[in-house]
Amino acid sequence: MGKRMDLAPEQVVTGFGERLATLRKAAGFTQTELANELGISQRMVAYYEQPDVTPPAHLLPGIAQMLGVSIDTLYGHQVPKRKLAKQEGDSRLRRRLLAIEKLGATEKRQVLQLIDAYIERGQLRSKVQGRSA
């Protein structure tokens, strides 16, 4: 899920496309990742990031939600409320973990058991490889 952010005064941009690119990068998305989340092609995201282009109205709520900003912020009518620090790591993994948190208790427990099993297996392999080296 998206996060909220503040742009430093020197980062404030005027065109929709440039603003979209800045917000997308600050949220840690590549064009391809954002496109996949929105169900459009990467070429369309690149197109929407051009200076004189605006996405169709039906995409704006999804874009705003993914980037964690309001539609007003996308259009430059409102400054983002909180700083969005780009986090290290895989943003796709982070989004999946957030989705897991929203699952019901039973499903969440099953997913966590599966993850724990893979982690334990990896740790055991590391120990075995460490002993044989």
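Residues numbered from 1 in each chain as written. Predicted model: local features only at pLDDT ≥ 70, side-chain atom pairs only at ≥ 80, totals over all residues. Heavy atoms only, no water.

This brings us to the overall build of the chain. The secondary structure content of the chain amounts to seven helices and zero strands. Of the regular secondary structure in the chain, the N- to C-terminal order runs α-α-α-α-α-α-α. Intrachain contacts of the chain at a sequence separation of at least 6 include 63% that bridge at least 24 residues. Accessible surface, the chain as shown: approximately 9,000 Å² in total, 53% of it carbon and sulfur. (Helix = DSSP H or I, 4+ residues; strand = E, 2+ residues; numbered from the N terminus. Contact = heavy atoms within 4.5 Å. Areas by Shrake-Rupley, 256 points an atom, 1.4 Å probe, with all protein chains shown as cover.)

A few words now on the pattern of salt bridges. In a structure, side chains of opposite charge can pair up when their charged atoms sit close to one another. Scanning the entire structure with this criterion turns up one salt bridge. Linking Arg24 and Glu49 is a salt bridge whose minimum nitrogen-to-oxygen distance equals 2.5 Å. Of this pair, Arg24 sits in helix α1 (residues 16–26) while Glu49 sits in the loop between α3 (42–48) and α4 (60–67), and the two are 25 residues apart along the sequence. In this structure Glu49 comes out as buried when scored by relative accessible area, which is 14%. (Salt bridge = Lys/Arg side-chain N within 4 Å of Asp/Glu carboxyl O. Buried < 20%, exposed > 50% of the residue type's maximum accessible area, 1.4 Å probe, protein only.)

Glancing now at the packing of helix α2 (residues 31–38) against α4. Between α2 and α4, whose axes approach to 10 Å, the crossing angle comes to 125°. By the angle class used here, α2 and α4 are oblique. Of the two possible hands of crossing, α2 and α4 adopt the one that is right-handed. On the side of α2, the interface is formed by Leu34, Glu37 and Leu38, while α4 contributes Gly62, Ile63, Met66 and Leu67. The residue makeup of the contact of α2 with α4, split by class, is five nonpolar, one polar and one charged. (Axes fitted to C-alpha atoms, helices over the stretch in contact; angles between N-to-C directions. Parallel < 35°, antiparallel > 145°, perpendicular 65-115°, else oblique. Left-handed = near helix turned anticlockwise from the far one by under 90°. Nonpolar A, V, L, I, M, F, W, Y, C, P; charged D, E, K, R; others polar.)

What follows concerns the nonpolar core. One finds Leu20, Phe29, Leu34, Ile63, Leu67 and Leu74 to be the most contacted residues of the largest nonpolar core, which totals 19 residues. For this core, the secondary structure elements donating two or more residues are α1, α2, α3 and α4. The element that contributes the greatest number of residues to this core is α4, accounting for five residues. In contact with Ile63, other than residues within four places in its own chain, are Leu20, Leu38, Pro55 and Leu74. (Core = buried A, V, L, I, M, F, W, Y, C linked by side-chain atoms within 4.5 Å.)

Moving on: a nonpolar patch on the surface. The grouping of Leu93, Leu97, Leu112, Ile115 and Ile119 at the surface amounts to a nonpolar patch, some 410 Å² of accessible area in total. Of all the elements in the fold, those that place two or more residues in the nonpolar patch are α6 (91–101) and α7 (105–132). With three residues, the top contributor of residues to the nonpolar patch is α7. Tracing the sequence through the fold places Leu97 in helix α6. (Patch = residues over 30% accessible without salt bridge, like charges linked within 9 Å, V, L, I, M, F, W, Y side chains within 5 Å.)

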